[in-house]
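As a plain string of letters, each chain reads:
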Amino acid sequence: QKCKGYEKSAELYNDLGIAYMQQGNYAEARSAFTQALNLGSGNPRITLNVARFFDYHTRHTNAAESLYDTFLKQSAKRKDLAADVEAVRRRLRER
């Protein structure tokens with residue numbers, strides 16, 4: 001269901017993806033996250049959420065790893081994301 005006036009809001013689709021994921025509605029979550037990524041591909045928080053979705057809720061580990069790598073590049077100079085960067089590095093080492 002589209003929300004009028006927000007069709008181009010990456011953040012809205014990101015939030016929808018999170019909500020659908022928490023409800024266990026993975027098909028809708030994937031759709032929302034894909035739209036969020038298409039609209040906000042430069043947003044490291046969106047990239048991280050999509051990576052985690054693929055990592056923990058699908059079998060698309062290659063996509064998850066690629067998105068984690070993109071997140072690390074996007075957030076290289078972002079001190080506010082330091083904890084997330086370290087978590088992603090740990091996750092990638094586990095593989």
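Given the structure is predicted, the values throughout are model-derived calculations rather than measurements. (Residues numbered from 1 in each chain as written. Predicted model: local features only at pLDDT ≥ 70, side-chain atom pairs only at ≥ 80, totals over all residues. Heavy atoms only, no water.)

Undergrad: Which residues make up the side chain of Thr 58, and what are the values?
TA: Assignment of secondary structure puts Thr 58 in the loop between helix H3 (44-57) and helix H4 (61-74). Engagement of the side chain of Thr 58 in a polar contact is seen with the backbone oxygen of Phe 54, the distance being 2.8 Å. Of the polar contacts made by the side chain of Thr 58, one reaches the backbone nitrogen of His 60; its length is 3.1 Å. (Helix = DSSP H or I, 4+ residues; strand = E, 2+ residues; numbered from the N terminus. Polar contact = N/O pair within 3.5 Å; in protein donor to acceptor, adjacent residues only side chain to side chain.)

Undergrad: How would you sum up the pattern of salt bridges? Please name residues and give values.
TA: Applying the stated criterion to the full structure yields 9 salt bridges. When the shortest N-O distance is used, the salt bridge between Glu 65 and Arg 95 registers 3.6 Å. Residue Glu 65 is found in helix H4, and its partner Arg 95 is found in the segment after helix H5 (82-94); the two are separated by 30 residues along the sequence. Arg 78 is paired through a salt bridge with Asp 80; the nearest N and O atoms lie 2.8 Å apart. Asp 80 gets classed as partly exposed once you look at its relative accessible area, which sits at 47%. (Salt bridge = Lys/Arg side-chain N within 4 Å of Asp/Glu carboxyl O. Buried < 20%, exposed > 50% of the residue type's maximum accessible area, 1.4 Å probe, protein only.)

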